[in-house]
Amino acid sequence: MGTKRQFRIWRGDADGGDLRDYTVEVNEGEVVLDVIHRLQATEAPDLACRWNCKAGKCGSCSMEINGMPKLGCMTRMSTFEENETVTVTPLRTFPVIRDLVTDVSFNYEKARETPAFAPPADLAPGDYRMQQVDVERSQEFRKCIECFLCQNVCHVIRDHDENKPAFSGPRYFIRAAELDMHPLDAKSDRKEYAQAEQGLGFCNITKCCTEVCPEHIKITDNGIIPMKERVVDRRYDPLVWLGSKIFRRGQVPQTFVTSEHSPGAVRSHAASTGVHSHAGGSHDITSETQAQQGVNWHREVPHPTAPAVDANGRLPLTELTFDRAAAPSPFGDDVTFPLPPEHLNFAHPEQDEKKH
Amino acid sequence: MTNPHRDPSATTRIERHHYDVVVIGAGGAGLRAAIEARLAGKKTAIISKSLFGKAHTVMAEGGAAAAMGNVNSRDSWQVHFRDTMRGGKFLNNFRMAELHAKESPQRIWELETYGALFDRTKDGKISQRNFGGHEYPRLAHVGDRTGLELIRTLQQKIVSLQQEDKRDHGSYDARIKVFAETTITELLLDGDRIAGAFGYYRESGEFILFEAPAVVLATGGVGRSYKVTSNSWEYTGDGHALALRAGATLINMEFLQFHPTGMVWPVSVKGILVTESVRGDGGVLKNTEGKRFMFEYVPDVFRKQYAETEEEADRWYTDPDNNRRPPELLPRDEVARAINSEVKAGRGTPAGGVYLDIASRLPAEEIRRRLPSMHHQFKGLADVDITKEPMEVGPTCHYVMGGVEVDPDSGAAHGAVHGLFAAGEVSGGMHGSNRLGGNSLSDLLVFGKRAGGHAATYVDQLAARPRVEVSAVETAVETALAPLQRDTGENPYTLQQDLQAVMGDLVGIIRREGELEDALVRLAELRERVAKVSAAGGRRYNPGWHLALDLRNMLVVSECTAKAALERQESRGGHTREDFPTMDPQWRRVNLVCSLDGDTVRLERKPLPKMRTELISLFDRAELAKYLTDEELAEFDALAAADAAAAEKENR
């Protein structure tokens, strides 16, 4: 009943490795992970591969099968042609430990940085009351099995290791979204946090994460886009912006000319309370603070948000084929002009002169 | 660059850590214990065999049982206690069942303060669903992924504690640290006190030594010793074996739960569970003749509570107060046995199962709403659309009721060891001879918290820290490296398959004396072979080596199961003897206790603790008569008479 099938599996470790050919027996109804187990039990007993539940519930057996990030336990052999060689490689975004096992500690570090649920102070255990319709929005994100396929496929870090410090990735955007939508979470700055600290602005909505999610969570549409939209609403709506300048003076970052102690600098209150940054904000607080102090040619310029693209990853040629009115902004749809003055890398020539 | 790990003898560098409490296992019980120990101010290590958050707890689909009374206000801890004892056929440790029933609501509510989002009732409370063996809707749930919610919530609570520690002490790992992909192979003792634990990092193969006066075992079950199982590779009875070797005892090891409805087709997903809520929501079992056969398998003890006709059963889903329950909701062992009988009588599918049909009972949209991950799983894995066609299901090894014999209040292990605690599936007694669905998730929380808290108290009361002996560490290193240094022995995978065959065929769901004796002989042979197992490859992330080390644990635990199963000459809950098909009230009074004497498993009988008066009075005499001996019944009658007399006196 079994047929012989061709497999190419990456074997090696941090020092390097290569694809090795295997011929394995495959039975009806089997998945890729079954084949890997058969290899372990026969010719490759030390073939390293993570797995646990073998039921698509734990998210351990993430791997790249014919270049597609997938769960080994959820990839049926019947989806391949019988004479097709199946190539299995480790997740590309994370450093290899051995064979198909990668070092995914990046994700756990990002998880630790994301502020936890803040319980409401006035409710005792057992007194929580929430409506089903309200919990369902967060529940969608809590379906996440942490397979990290979305993190693996996200091109912001997939080919740009240097972005990792500043970018938490789709998994943690939906964690922020989940808490933001939690009916009783006591923290109210989840969106701002995602923008300022998680690098939400790096995301240019190519939806690769949604595509690979084995739980079919609408990461982009239901998580990332609403977070971006609301951040944009609040920050760049000219009326809101103007209003904040007029009515909430002192509560929002304000530029003003400092006294004699530090000539040549424009300071912001924000430096001590948390840094206000524009879209694509740098993760580095120092450079942000410097940016707000005036000219500093060595500062790290925050990454601009890339423009919105269509499903093929291209800029649309005409608005007729695109889903929004007018041509998309080359600066990204979440950047509007004028930029707030404190975000400009500019110092007024007279700023050091004493005020009268 | 040459890899130093290729040569196993090249390095025996051992990383040392000092902790107050080491929790082995990062599932629900382990994480809850760790949270409690950390909240008690103890420096706590969590050892996870897999990545953090991948524990087997994610497999629990149905929910967590807690008598919150949100859906039916008549529910109370007393009713929950009664259901638990009934489900366990009165073999439960009554005190554990009592604590569990009383404390589970608080434990569930507590999860909400950690950020859990359970499904809600109309008035915004936690929704509760019906489940096999529970009198009222009792299971707090999140669709059919309650276990995932529980593990994620606890994981995130630990992260929040780490964030506090980062704020207060400058480091996330200051007071609670997770050692992911780390396996403990040995507990280290100072006399009869726990002094530490020894193990290895899977990733590097490097050794790691924890010096700690208290260890909480939360390692889960033993299912990997069986051919058809819902359990993951981690379930190799590590905690059971560690406890035995440290001088603790195991009870109830003959009781294994075979989930009645695991997938049997297609082959690749054999063993994966179909949650009982499929039946709770209206799913029915049919044989290949299309007959709804469960009505013929209602045992006498349950006849009063279960419907006799399909019409009455169907009315129950909408009007549970005026109708009796459908027999599909009988306790798991009854359903498993019924399916087994149907298949043996030739009315099963070619793959050895029966049909579980919900497609013809509910509209497709309703099925997708109520059982989203079930639907998703079947569609994805087997290309079966449960809204259109029935599922093919059969019994699967799922849960071990037996485990470390513990003090009910503190979770401290009995036997000749101090400083060892156990919680969750690895502990025994709570579920008696059979566990009710939904009781395991609440068990993890209730006894996880207790074990963590009492481990912390134990540490506080110690006059001096026990010391780890160097020679014990050296022995542990040798044992761990041995399979890598041998190249003449057998492949560990072959040995595991042979072990699984012995257990599956001879110590499976239906047992016979001859087969059990045969099993013991074969296990003894396997023991010789396992002692000589060899693993190819190096130390870095080598699954063959890891399995070779796990085999030792699987083997000793299997011996306990086989011995106890041979000894217990009756059928009760998760232990069915074809040659002794009925329950025997005399056997209800006996716990079978396993311990290790050198290398051999020793089995002893121990009387069951006697239920307190106010607890036993919660039951009908008629019901007790099915379980108790005449002698015990006479005692109960005397109690009742005394109560009645006292009541009359008061009235006068």
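Residues numbered from 1 in each chain as written. Chains lettered and ligands numbered in written order. Predicted model: local features only at pLDDT ≥ 70, side-chain atom pairs only at ≥ 80, totals over all residues.

A short note on the overall build of chain B
- Per the secondary structure count, chain B includes 19 helices and 22 strands.
- On C-alpha atoms alone, chain B measures out to a radius of gyration of 24 Å, which is about the 26 Å that the 2.2 N^0.38 rule sets for 652 residues. (Helix = DSSP H or I, 4+ residues; strand = E, 2+ residues; numbered from the N terminus. Rg over C-alpha atoms; globule rule 2.2 N^0.38 Å.)

Notes on the confidence of the model for chain B
- Per-chain confidence: chain B averages 92 in pLDDT, with 98% of residues scoring 70 or above.
- Counting contacts from residues 1-10 of chain B, a segment whose pLDDT is below 50, to residues more than four positions away or on other chains yields 18 contacts. (pLDDT = per-residue confidence, 0-100. Contact = placed C-beta atoms within 7 Å.)

Remarks on the packing of helix α2 (residues 77-87) of chain B against helix α3 (residues 94-113) of chain B
Residues and elements named next belong to chain B.
- Contact pair α2 / α3: the axes reach a minimum separation of 8 Å and the direction vectors enclose 140 degrees. Comparing the axis directions of α2 and α3 gives the class oblique. For the pair α2 and α3, the crossing hand works out as right-handed. Residues Trp-77, His-80, Phe-81, Thr-84 and Met-85 of α2 form the contact with α3, whose participating residues are Phe-94, Ala-97, Glu-98, His-100, Ala-101 and Lys-102. (Axes fitted to C-alpha atoms, helices over the stretch in contact; angles between N-to-C directions. Parallel < 35°, antiparallel > 145°, perpendicular 65-115°, else oblique. Left-handed = near helix turned anticlockwise from the far one by under 90°.)

Some points on the interface of chain A and chain B
- Contacts between the two partners involve 49 residues from chain A and, on the opposite side, 53 residues from chain B.
- Of all elements in the fold, only α1 (32-41), β6 (96-98), α2 (105-113) and α3 (132-142) of chain A reach the threshold of two or more residues within the side of chain A that touches chain B.
- No other element matches the five residues that α3(A) contributes to the side of chain A that touches chain B.
- Of the residues contributing to the side of chain A that touches chain B, the split by class is 23 nonpolar, twelve polar and 14 charged. (Nonpolar A, V, L, I, M, F, W, Y, C, P; charged D, E, K, R; others polar.)

Concerning the sheet that holds strand β6 (residues 139-140) of chain B
All names here are of chain B.
- Pairing is antiparallel in the open sheet, where three strands are placed in the order β4-β6-β5. Lying at the two open borders of the sheet, with one neighbouring strand each, are β4 (64-65) and β5 (128-129).
- The pairing of β5 with β6 spans two bridges and is antiparallel. Within the sheet, the bridge partner assigned to Gln-128 lies in β6 and is Ala-140. (Pairing = 2+ DSSP bridges.)

Overview of unusual backbone geometry
- For Asn66(A), which is not glycine, the phi dihedral falls at a positive 50 degrees.
- By the element assignment, Asn66(A) lies in the loop between β3 (62-65) and β4 (68-71).
- Here Asn66(A) falls in the partly exposed class, since 16 other C-beta atoms lie within 10 Å of it.
- The backbone phi angle of Tyr541(B) is positive, close to 35 degrees, even though this residue is not glycine.
- Locating Tyr541(B) in the fold gives a position in the loop between α14 (513-531) and α15 (543-567).
- Since 26 C-beta atoms lie within 10 Å of it, Tyr541(B) is described here as buried. (Buried ≥ 20, exposed ≤ 12 C-beta atoms within 10 Å, placed from the backbone.)

Describing the pairing of strand β2 (residues 16-26) of chain A
Residue and element names in this part refer to chain A.
- Relative to β2, strand β1 (residues 3-13) runs antiparallel, the two being bridged by eleven bridges. Looking at β2, one finds that Arg-11 is bridged to Asp-18.
- In this antiparallel pair of consecutive strands, β1 and β2, the connection spans two residues.

Quick notes on the nonpolar core
Residue and element names in this part refer to chain B.
- Core analysis: the largest hydrophobic core is formed by 267 residues, its most contacted members being Val-23, Val-216 and Leu-217.
- The element contributing the most residues to this core is α15, with 14 residues.
- The contacts of Val-23, once residues within four sequence positions are left out, are Gly-30, Ala-33, Ala-34, Ala-37, Thr-44, Ala-45, Ile-46, Ile-47, Val-216 and Ala-218. (Core = buried A, V, L, I, M, F, W, Y, C linked by C-beta atoms within 7 Å.)

Regarding the sheet that holds strand β8 (residues 182-190) of chain B
Residue and element names in this part refer to chain B.
- If you trace the four strands from one edge of the open sheet to the other, you get β1-β10-β9-β8, paired in mixed fashion. Looking at strand neighbours, the two that pair on one side only are β1 (14-18) and β8, the edges of this open sheet. Across this sheet, the average inter-strand angle for adjacent strands is 25 degrees, counted without regard to direction.
- Across five bridges, strand β9 (residues 193-201) lies against strand β10 (residues 207-211) in antiparallel orientation. Its bridge partner being in β10, Gly-199 is matched across the sheet by Ile-208.
- Lying on the sheet, helix α12 (residues 470-485) is in contact with β1, β8, β9 and β10; it crosses β8 at an angle near 150 degrees.

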